[in-house]
Amino acid sequence: MREIEANINIIGGGLIGAVTAYSLSKLGNKVVVLEQNAKFNHKKILDKRTTAISEGTKKFLQEINIWNEIGKYAEPIKNIQIIDRNQSNKIYFDNQRRKSNLGYIVKNQFILDSLYKKLQKQKNVEIFNNVSVNDISYEGNRIITKQNNLFVNTNILFAADGKNSSIRKIYKTPIYRKDYKKKAIVINFYHSKNHHNTAYEFFFKNGPLAILPMQKSKSEFQSSIVWTNTNKFINSLISLDNNKIISILNEKTQGSIGEVKKIITKQTFPLNAHLNSKFFEKRIIYLGDSAHSFHPIAGQGWNLGMQDVESLYNLVKKYNSLGLELGDDIFCNEFQKDNFFKAYRLYQITDKVDSVFKLDNTIFNHARFSAINLIEKSKKLKNQISDFAMGVN
Ligand SMILES: Cc1cc2nc3c(=O)[nH]c(=O)nc-3n(C[C@H](O)[C@H](O)[C@H](O)COP(=O)(O)OP(=O)(O)OC[C@H]3O[C@@H](n4cnc5c(N)ncnc54)[C@H](O)[C@@H]3O)c2cc1C
C-alpha cells in the first residue's frame, strides 16, 4: 500500500484535468492525478475530434506556457460563415477589427499529447493510470481517496471526471439535464479546395453542420465536420460505406470546400447537456464537463471549462501567496461565485440557438431570415457575437 500527501488531488486526466494539473503545479503545488484509463499513453488516445479553441483560451494557454506546444498543431480560423439552410441567407464574420484570428482548430489528440509531454517534466506532479475513484473520506481539513492500495491525502480534490462524473454520483449533487435525443457525427476528411481558414456552420432543420478548417496533411487539404441530426439519421449514416457518405457530404456542404475526396475518421457522440446545481461539495470542486456540458453548436464546452481552470488558477495563486490553505468553504464559494453564472448563460444560449434554427415554418423562417439580414448589416451586433465566441468579453 502507498500513501501520498499532497496539496491537490485531480480525478480525471482528460482535457480539463491535464491542464489543471499543469497550471497548478506551475504555482508550486504538489499535485496528484488519478485517471481511470491508461490515457497518459499517446498511442491509446482514441478521441478523433478536433476542438475549436477560442482566443480567450489561447491567451491563458500562453500565460501558462502551453500554447508554444499546442500552437504547432493549430490551424487559425480567420473567417466564419453562418449559413441558414442555403447560401442566400448568411452572416459573414472576420476579425479585421481586432487584427486577430477568430479561433484555432486543433486535434484533441494533439492537445492531450502536448499536455502530457509538459506534465511528464513536472517533478511535483504524480500521475496514476487505471485508477477509478469511488471511495472518499475526510480527516480534519484533509480529503482522502482510497483506491487500488493507493491512499491520496490532500487539502482539496478537483473532480475533472467528465459529464458522467462518478464523484458527482457519490455526492448526489443535483443537476439540470437535457437529452437532445440526437447525435453528432464527427468526420475528418480530405477535400479538393483550399479552405482559406474559413469555418462554415450550416443550419438545417434537424441540426447544424459545421466544417472546421484543419492543418494540411501530406499536402492535402483537410477539414472536420461536426453534424448534428436525429439518432435514426446518424445511425443509418454511419452504417453506409464511405463512398455513399461522401456523396451525402458533397450535397450538404454545397461546394464550400470543393469535393470531399476521402474520409479519414468518423465517430459519433450522443447529445445531451447538463448543469450542476452547485459547483462544489465539501473540499471538492467540479471542473469542466463534470460541472457542465453543452450542445456543441457553438464549440464552447472546453473553452468554458478552460475559463473555470483560469479562474481556479488565479484563486489558487492568491491563496498560495497569502499562505492560506486551499479547499475550505470560503475558497469553494469564491470559485462558485466566479463561474456558475457563465456556465448557466452558455447553457441557455446554446440551447436557445439550437431551438431557433430548428423551427421550420413560413413565419419562423421569415423572422429568422430577417434577423440574419439584420445581423449581417450591423457591425455592432457582429462584433458582440464574435467577441462572445472568442471568449474575450
Ligand atoms: C462532438 C463534440 C464536439 C465538441 N467540440 C468542441 C469544440 O470545438 N470546442 C470546445 O471548446 N468544446 C467542444 N466540445 C466539448 C469538449 O469536448 C468537452 O467540454 C471536453 O472534452 C471536456 O473535457 P473534460 O476533461 O472535462 O472531460 P473528459 O474529456 O470527459 O475527461 C474526463 C476524464 O476523466 C476520466 N474519469 C472519469 N471517471 C473517472 C473516475 N471515477 N476516476 C478516474 N478518472 C475518471 C475519464 O477517463 C476522462 O479521461 C465538443 C463536444 C462534443 C461532444
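Structure's up top.
All figures in this text were calculated on a predicted structure; none of them were measured in a lab.

Q: So what exactly am I meant to see when it comes to the packing of aromatic side chains here?
A: Two descriptors summarise a pair of aromatic rings, namely the distance from one centre to the other and the angle between the planes of the rings. Enumeration according to the criterion identifies nine aromatic pairs in this entry. Ring geometry for Phe 60 and Tyr 313: centres 5.5 Å apart, planes at 70 degrees, overall edge-to-face. Taken together, the positions of Phe 60 in helix α2 (residues 55–63) and Tyr 313 in helix α8 (residues 301–321) put the pair 253 residues apart, joining distant regions of the chain. There is no split in this pair, since Phe 60 and Tyr 313 are both buried. Here the aromatic residues Tyr 200, Phe 202 and Phe 204 are joined through ring pairs into a cluster of three or more. The ring of Phe 204 carries the charged tip of Lys 252 above its face, separated from the ring centre by 4.4 Å. Positioned above the aromatic ring of Tyr 138 is the side chain of Lys 282, whose terminal nitrogen or guanidinium carbon lies 4.4 Å from the ring centre.

Q: Can you walk me through the nonpolar core in this structure?
A: Across soluble globular proteins, nonpolar side chains have a tendency to be buried as a group. Membership of the largest hydrophobic core comes to 89 residues, with the highest contact counts inside it found for Leu 34, Phe 158, Ile 285, Leu 312 and Phe 331. Of all the elements, α8 adds the most residues to this core, at nine residues. Those residues in contact with Ile 285 that lie beyond four places of it in its chain are Ile 156, Leu 157, Phe 158, Ala 159, Phe 279, Phe 280, Leu 312, Phe 331, Cys 332 and Phe 335. Listed in part, the 19 residues of the second largest apolar core include Ile 83, Phe 202, Phe 204 and Ile 225.

Q: Can you help me understand the sheet that holds strand β3 (residues 31–34) in this one?
A: With mixed pairing, six strands are arranged side by side in an open sheet as β9-β3-β2-β13-β20-β19. The open sheet has two edge strands, β9 (125–128) and β19 (280–281), and neither has a second partner. When strand β2 (residues 8–11) meets β3, the two strands line up parallel, connected through four bridges. Bridging from a neighbouring strand, Asn 9 pairs with Val 32 of β3.

Q: Explain the pairing of strand β14 (residues 175–191) here, please?
A: The side chains of a regular strand alternate, residue by residue, between the two faces of the sheet. Judged from the 15 bridges that link them, β14 and strand β18 (residues 260–276) form a sheet pairing that is antiparallel. Within β18, the residue paired with Ala 184 across the bridge is Phe 269. Examined bridge by bridge, β14 and strand β17 (residues 220–230) share 10 bridges and lie antiparallel to one another. In the strand pairing of β17, Ala 184 is matched with Thr 228.

Cut-offs and rules
Residues numbered from 1 in each chain as written. Predicted model: local features only at pLDDT ≥ 70, side-chain atom pairs only at ≥ 80, totals over all residues. Heavy atoms only, no water. Phe/Tyr/Trp six-rings, centres within 6.5 Å; stacked < 30°, edge-to-face > 60°. Helix = DSSP H or I, 4+ residues; strand = E, 2+ residues; numbered from the N terminus. Buried < 20%, exposed > 50% of the residue type's maximum accessible area, 1.4 Å probe, protein only. Lys NZ or Arg CZ within 6 Å of the ring centre and 35° of its normal. Core = buried A, V, L, I, M, F, W, Y, C linked by side-chain atoms within 4.5 Å. Contact = heavy atoms within 4.5 Å. Pairing = 2+ DSSP bridges.

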